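# Commentary on secondary and tertiary structure
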Amino acid sequence: MAQKYTQGLVIDGITYNIPMVSIKREIDFLEKYAERVEDGDIRIETIGVYKNYTIEIGVIDDSVTYDALIEHITNCENRFHYVSLPDASKQFEFYGYFSSIKDEVEKVLGTGAKYKGLSWKMTSKKPYKTR
């Protein structure tokens, strides 16, 4: 039986009980430099390794929760956020910024709109691993 992510999403200590569709992780190396020498070998100086994520959310039926989440993740005054995410054997405490926030209208109601397909990228502020 497939296991689902059932924790909800915790951002800056606030728990959002929302349907998680996907948590995609990219583990990226950031290099101070990478250069090829004449014999074709490469020399690399690594700054660190970063865990970056893309979060996808299902339809949130509660418009108050949806609006609160959108306000939180689009806060211009507080660009960096703490997010608790599942790692292979424990929780990973992510600290970084959000970008590429997008969603689309699922249906227009008399009182507003219901959105679907909310997603955003999370980019680490600092590496989780260095030399």
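Only a predicted model underlies this, so the values are computations on that prediction, with no experimental measurement involved.

## Here we look at the overall build of the chain
Along the backbone of the chain there are one helix and seven strands. For the chain, the N- to C-terminal ordering of α and β elements is β-β-β-β-α-β-β-β. What you see for the chain is a C-alpha radius of gyration of 18 Å, clearly larger than the 14 Å of a compact globule of 131 residues, by over 25%. Judged by the C-alpha coordinates and their principal axes, the chain covers about 70 × 30 × 30 Å. Each of the 131 residues in the chain was classed as buried or not, and the buried ones make up 29%. Of the contacts formed within the chain by residues at least 6 apart in sequence, a portion of 60% connects residues at least 24 apart. Roughly 9000 Å² of accessible area belongs to the chain as shown, and the carbon and sulfur atoms make up 49% of that amount. For the chain, the centre of its 18 positive side-chain charges and the centre of its 20 negative side-chain charges are spaced 3 Å apart.

## Notes on the sheet that holds strand 6 (residues 91-109)
For sheets, the rule is that strands pair by backbone hydrogen bonds, running either parallel or antiparallel. Spatial strand order, 2-1-5-6-7-4-3: seven strands in an open sheet with antiparallel pairing. Each edge of the open sheet is held by one strand with a lone partner, namely strand 2 (14-16) and strand 3 (20-36). Each adjacent strand pair in this sheet contributes to an overall mean axis angle of 35°, direction not counted. Of the pairings in the sheet, the one linking strand 3 to strand 4 (residues 42-57) comprises 15 bridges and is antiparallel in character. For Lys-24, the partnering residue across the bridge sits in strand 4 and is Thr-54. Against the sheet, helix 1 (residues 63-73) engages strand 1 (9-11), strand 2, strand 5 (80-86), strand 6 and strand 7 (112-124), with an angle of about 30° to strand 7.

## With respect to the environment of Arg-79
On the secondary structure map, Arg-79 appears in the loop between helix 1 and strand 5. Judged by its relative accessible area of 36%, Arg-79 is partly exposed. Along the primary structure Arg-79 and Phe-98 are separated by 19 residues, whereas in three dimensions their C-alpha atoms are 7.3 Å apart. Apart from the residues lying within four places of it in its own chain, the contact partners of Arg-79 are Gly-96, Tyr-97 and Phe-98.

## Some points on the pattern of salt bridges
The tally for this structure, following the rule as stated, stands at two salt bridges. Across the pair Glu-56 and Lys-24 runs a salt bridge whose closest N-O atoms are separated by 3.3 Å. Taken together, the positions of Glu-56 in strand 4 and Lys-24 in strand 3 put the pair 32 residues apart, joining distant regions of the chain. Given the relative accessible area of 25%, Glu-56 is considered partly exposed. The exposure class assigned to Lys-24 is partly exposed, which follows from its relative accessible area of 46%.

About the cut-offs
- Residues numbered from 1 in each chain as written.
- Predicted model: local features only at pLDDT ≥ 70, side-chain atom pairs only at ≥ 80, totals over all residues.
- Heavy atoms only, no water.
- Helix = DSSP H or I, 4+ residues; strand = E, 2+ residues; numbered from the N terminus.
- Rg over C-alpha atoms; globule rule 2.2 N^0.38 Å.
- Buried < 20%, exposed > 50% of the residue type's maximum accessible area, 1.4 Å probe, protein only.
- Contact = heavy atoms within 4.5 Å.
- Areas by Shrake-Rupley, 256 points an atom, 1.4 Å probe, with all protein chains shown as cover.
- Lys, Arg positive; Asp, Glu negative; His and termini not counted.
- Charge placed at Lys NZ, Arg CZ, Asp CG, Glu CD.
- Pairing = 2+ DSSP bridges.
- Axes fitted to C-alpha atoms, helices over the stretch in contact; angles between N-to-C directions.
- Salt bridge = Lys/Arg side-chain N within 4 Å of Asp/Glu carboxyl O.

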